Amino acid sequence: MFVRYIIAMTLAALAILFAIILGDYGPWYLSWFLGTGFMVLVAVSAGVLFEAQEDAAKAAGGPGESLDVSSAVDAPATAPAQRPSR
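Small disclaimer: the values here were computed from a predicted structure and weren't measured.

This brings us to the overall build of the protein chain. From N to C terminus, the protein chain includes three helices and zero strands. Burial analysis of the protein chain (86 residues in total) assigns 8% to the buried set. Summing over all exposed atoms, the protein chain offers an accessible surface of approximately 7,800 Å²; the carbon and sulfur share of this is 70%.

A few words on the confidence of the model for the protein chain. The share of residues in the protein chain with pLDDT of 70 or more is 69%, and the mean pLDDT across the chain is 78. Within the protein chain, helix α2 (residues 26-60) carries the highest mean pLDDT (88), whereas helix α3 (residues 69-74) carries the lowest (59).

Of the pockets and cavities examined, the second largest pocket occupies roughly 180 Å³. Around the second largest pocket sit eleven residues that line it, and Ala15, Phe18, Tyr29, Leu30 and Phe33 are the ones nearest its centre. Put simply, the parts of the chain that give the lining of the second largest pocket at least two residues each are α1 (2-22) and α2. Its residues placed into classes, the lining of the second largest pocket shows ten nonpolar, one polar and no charged.

A few words now on the environment of Phe33. Relative to the helices and strands, Phe33 is located in helix α2. Classification of Phe33 as exposed rests on a relative accessible area of 52%. Placed 18 residues apart in sequence, Phe33 and Ala15 show a C-alpha to C-alpha distance of 9.0 Å.

Conventions and cut-offs
- Residues numbered from 1 in each chain as written.
- Predicted model: local features only at pLDDT ≥ 70, side-chain atom pairs only at ≥ 80, totals over all residues.
- Heavy atoms only, no water.
- Helix = DSSP H or I, 4+ residues; strand = E, 2+ residues; numbered from the N terminus.
- Buried < 20%, exposed > 50% of the residue type's maximum accessible area, 1.4 Å probe, protein only.
- Areas by Shrake-Rupley, 256 points an atom, 1.4 Å probe, with all protein chains shown as cover.
- pLDDT = per-residue confidence, 0-100.
- 1 Å grid on protein atoms, 1.4 Å probe; cavity = no way out; pocket = protein on both sides within 12 Å on 5 of 7 lines; lining within 4 Å.
- Points joined across faces, edges and corners; volume = space filled by probe spheres on them.
- Nonpolar A, V, L, I, M, F, W, Y, C, P; charged D, E, K, R; others polar.

In structure tokens form, the structure reads like this:
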């Protein structure tokens, strides 16, 4: 945990140093760097939520049953039901 903190502080210091060196363009590049990272985090969390919703829909089984996302995440994994062949 402490090593991660040191790495984050080093990156922050480098970002501030680059902002000072770049002058007027520094804040723009810093916000671009931080904004890109934030967009990636939002996209990843949306993907995780989408997968959890798909798992909840599969676990619910029938069309009349509903299941919330948190119980699908906590539920044990089950094999999908086999459909009878025609």
